[in-house]
There are 2 protein chains.
Amino acid sequence: MNSQYSIAVHILTLLDSSSGPMGSAEIAASVGVNPVVIRTVTGLLRKAGLLTTQRGVAGAQLTRRADQISLLDVYRAAQAPDSVLKVHQHPNLACPVGAGIQRALDEVYGQAQAALESRLAEVTLSDITRAVHQPAS
Amino acid sequence: MNSQYSIAVHILTLLDSSSGPMGSAEIAASVGVNPVVIRTVTGLLRKAGLLTTQRGVAGAQLTRRADQISLLDVYRAAQAPDSVLKVHQHPNLACPVGAGIQRALDEVYGQAQAALESRLAEVTLSDITRAVHQPAS
DNA sequence: TTAGATGTAAGTAAAATAGTGACAAGGTAG
DNA sequence: CTACCTTGTCACTATTTTACTTACATCTAA
């Protein structure tokens, strides 16, 4: 899943905005997906230590303050791709260019990915919560 | 297509490395795809003004020096996505968070995309050609 | 005219993504 | 302890993207 990341941010924002704990059905209603999807994503977030849930009892809750959670934390937790840019896979290794292009692209793509992640690292869940509740500009 | 971008870079690197003009079949052999794919991508690159081709006559060639072509130029030409990060599509607008999450994410994703593109803008086709022909480190 | 190249449309195959149903495991209230 | 609800997971189906291929009109050059 690819929009898992956005769903993860949505879930965490909900938890940050809500006073009490929220069940997967309730969260699902806001996100607009099946509760199973919510439980899958909260499972990833739990494994990453961003929230806690308990089997059998409704409700997930953050493990730390929202301003201590960056969007990069969420990105990693949601198993988003290591690189959003993909190299084509069957270059001809007998050709000098075909043989070297993968390494060259991996290098550049790595740098571009780092730039993207670095920007995500600067935004916290608190920033998102604030933006979400702000009246449309 | 998603790896179209990488294929585009591969094609341009080939042209930059080659002395004479190269036909779609020849290029296809190095990239490892069907010649039709090459012709499709060269079509995009031609529309973007990065190379020229002529119907009926074999061979594509760059319209300007390789150090005057950035990977961002290629990114745009290859119709790569405006944003590599995607927002989920059915949030519940009746929920405050559901109503505001899209705008909030679009904002952040736009910044992250800008960071990525900015990095791509700093790399030229010459840099890639150089890296490609460098012995493995 | 003939051979070979590009440009493009149309269609098929494969793969990634999304969505759903089922159920075991655990918790809580009565 | 029973009934009912919730989470965690698996397995399966559907939809959408992406990849690949065939076919052919158009054009060039010899």
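Reference entry: report on the structure contained in this document. (Residues numbered from 1 in each chain as written. Chains lettered and ligands numbered in written order. Predicted model: local features only at pLDDT ≥ 70, side-chain atom pairs only at ≥ 80, totals over all residues.)

1. Here's the deal with the relation of the copies chain B and chain A
Line of reasoning, step 1. Note on the copies: chain B fits chain A at an RMSD of 0.0 Å, the axial shift is 0.0 Å, and the rotation between them is 180°. Both chain copies can therefore be described as sitting about a two-fold axis.
Line of reasoning, step 2. In this assembly, 100% of the residues forming the interface of chain B have copies in chain A that are likewise at the interface, indicating an isologous arrangement. (Least-squares fit on C-alpha atoms with pLDDT ≥ 70 in both. Contact = placed C-beta atoms within 7 Å.)

2. Thoughts on the environment of A104 of chain B
Line of reasoning, step 1. Mapping A104 of chain B onto the fold places it in helix α5 (residues 96-121).
Line of reasoning, step 2. Of the residues examined, A104 of chain B has 23 C-beta atoms within 10 Å and is grouped as buried.
Line of reasoning, step 3. Those residues in contact with A104 of chain B that lie beyond four places of it in its chain are I128, A131 and V132 of chain A. (Helix = DSSP H or I, 4+ residues; strand = E, 2+ residues; numbered from the N terminus. Buried ≥ 20, exposed ≤ 12 C-beta atoms within 10 Å, placed from the backbone.)

3. Points about helix α5 (residues 96-121) of chain A
Line of reasoning, step 1. The terminal C-alpha atoms of α5 of chain A, which comprises 26 residues, lie 38 Å apart, in line with the 38 Å expected from a rise of 1.5 Å per residue.
Line of reasoning, step 2. The largest bend along α5 of chain A measures about 30° and falls at Q102 of chain A.
Line of reasoning, step 3. All of the buried residues along α5 of chain A are V97, G98, G100, I101, A104, L105, Y109, A112, L116, E117, R119 and L120 of chain A.
Line of reasoning, step 4. The inward-facing, buried residues of α5 of chain A contact α4 (71-77) of chain A together with α1 (4-17), α2 (24-31), α5 and α6 (125-132) of chain B. (Expected span 1.5 Å × (residues − 1). Bend = angle between axes of the 7 residues up to and from the residue.)

4. Here we look at the interface of chain B and chain A
Line of reasoning, step 1. Between chain B and chain A, the residue contacts involve 47 residues of the former and 47 residues of the latter.
Line of reasoning, step 2. Looking at the side of chain B that touches chain A, the elements that each hand over two or more residues are α1, α2, α5 and α6 of chain B.
Line of reasoning, step 3. Looking at the side of chain B that touches chain A element by element, the count peaks at 17 residues for α5 of chain B.
Line of reasoning, step 4. Here the side of chain B that touches chain A is composed, by residue class, of 27 nonpolar, 16 polar and 4 charged. (Nonpolar A, V, L, I, M, F, W, Y, C, P; charged D, E, K, R; others polar.)

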